[in-house]
Amino acid sequence: MKTLIWGFAIFADGLLVQLLVWRFRRPQRQTKAMLLLMFGVALTAGLAFFLNPGGFSVFSVPSPQTPLETAHALSLTVSLILAWMITFSAVEADSPSLVIMRRIKEAGPAGLDKNDLYQYLNDELLLTPRIRDLITDKMAVETNGCYALTAKGARMTRLFIFWRKLFKLDKGG
Amino acid sequence: MCAPVSSVNWQDLLIPPAGLAINTAVQILCVRRKTPLLKSVYAGFAAGLVFTVTAAFRNSSGLSAALADAVIYAGLGYCYFHFVNLGETARRIRIMREIYEAPAPLTEEGIAARYSAREMLDKRLRRLLANSQIAEKNGKLFINRKSVLIMERILTLLKIIFTGRDSEHIPSQ
């Protein structure tokens, strides 16, 4: 049971540290900062287990005592961190589908006119912020109003093109 | 003094990644056999879960280690689901693809000509209507299923907790 408890506890600690940091000052590159914090917390916990081979207890829960137990608990933490990283991208940016649902809900029983939606969700709201994100995350660069991908952005794009071709799917979006 | 006996073994570390490999293989196989994308993701996840749970319970480490393996697999499977989903719905990936495939760097207007807010909205409305999450009557849109609204509420709550706002565009009142 200690793998489960420690795996979740280390993740929860990371989440708490992230919340405290975000309340104080939200980083510009949020995902990168979040990963650094979370993996920092996991690494610290791993070191604590390694430096106490005899083990210790927190609230009567014994710590992992062998390298295998430590690796198993940290595997669980890493899996939760990666799942949170993916979820956090939806916290950072508004999902258009969820914005649509919210607008329909706000319109009440009379329903939402489709044209209102097209007027509200324009390029300025849906496109421009995502282009800005690409610059912030160093996936693209802007020169004289023209956008080109960085090497990192091109690598990521090739990965998704390969994956979509493997599935015989269109461009998506 | 005797060395502590580990409550987990090497198999516990290998079972979840192996489950993920099975998940991926089954999902790719399903898509190539013309199964709809969402169903293929569910089929892949289920196949990986069956493998993980069976292998973990056959392993000698006990119930708690098996439960931890299942949670680790679930986290990895969730990440894979979103990786596939990113290629299908993420605006940033599609924008990067348009820039990548253009013969020369694109202006924002050039990007909008290839991938506009209207196209984003059309695709999302089609998906929401096809999944019966919304309904359309005489040009008016209505909520049909509450599941996406629940997701919207959870994400809004997380947005308020971590960013202090309920939307990236609209500040909290």
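Residues numbered from 1 in each chain as written. Chains lettered and ligands numbered in written order. Predicted model: local features only at pLDDT ≥ 70, side-chain atom pairs only at ≥ 80, totals over all residues.

Some thoughts on the overall build of chain B
- The number of helices and strands found in chain B is 7 helices and 3 strands.
- Reading chain B from its N terminus to its C terminus gives the helix and strand order α-α-α-α-β-α-α-β-β-α.
- Rg of the C-alpha trace for chain B: 22 Å, well past the compact-globule value of 16 Å for 173 residues, more than 25% over.
- Once the C-alpha set of chain B is aligned to its principal axes, its extents read approximately 70 × 45 × 35 Å.
- A separation of at least 24 residues holds for 45% of the contacts in chain B among residues at least 6 apart in sequence. (Helix = DSSP H or I, 4+ residues; strand = E, 2+ residues; numbered from the N terminus. Rg over C-alpha atoms; globule rule 2.2 N^0.38 Å. Contact = placed C-beta atoms within 7 Å.)

Considering helix α2 (residues 37–58) of chain B
Residues and elements named next belong to chain B.
- With 22 residues, α2 extends 32 Å between its outermost C-alpha atoms, agreeing within 8% with the 32 Å of an ideal straight helix rising 1.5 Å per residue.
- Listed as buried for α2 are S40, V41, G44, F45, G48, F51, T52, A55 and A56. The buried residues of α2 occupy an angular sector of 130° when projected down its axis, which confines them to one face. Opposite its buried face, α2 presents the exposed residues K39, V50 and R58, each directed more than 90 degrees away. (Expected span 1.5 Å × (residues − 1). Buried ≥ 20, exposed ≤ 12 C-beta atoms within 10 Å, placed from the backbone. Arc of directions from axis to C-beta.)

Considerations on the domain arrangement of chain A
- One can read the domain layout of chain A as domain 1 (2–92), domain 2 (94–126) and domain 3 (140–173).
- Look at where the C-alpha atoms of domain 2 of chain A and domain 3 of chain A centre, and you get two points 28 Å apart. (Domains from an automatic or database assignment.)

Details of the interface of chain A and chain B
- Taken together, the 72 residues of chain A in the interface contact 69 residues of chain B.
- Split by residue class, the side of chain A that touches chain B holds 42 nonpolar, 17 polar and 13 charged.
- Across 2 bridges, strand β5 (residues 146–149) of chain A lies against strand β1 (residues 106–107) of chain B in antiparallel orientation. If you follow C146 of chain A over to β1 of chain B, its bridge partner there is T107 of chain B. (Nonpolar A, V, L, I, M, F, W, Y, C, P; charged D, E, K, R; others polar. Pairing = 2+ DSSP bridges.)

Here we look at the environment of T150 of chain A
All names here are of chain A.
- If you trace the backbone, T150 turns up in the loop between β5 and α8 (151–166).
- Spatially, the C-alpha atoms of T150 and A140 are 5.0 Å apart, while their sequence positions differ by 10 residues.
- Residue contacts for T150: discarding those within four places in its chain leaves K138, M139, A140 and V141.

Description of the sheet that holds strand β3 (residues 140–143) of chain B
- Strand order in the open sheet made by the 3 strands is β3(A)-β3(B)-β2(B), with antiparallel pairing throughout. Two strands close off the open sheet at either side, each with one partner strand: β3 (112–113) of chain A together with β2 (134–137) of chain B.
- Here 4 bridges tie β2 of chain B to β3 of chain B, and the two strands are oriented antiparallel to one another. Bridge pairing links E136 of chain B to L141 of chain B in β3 of chain B.

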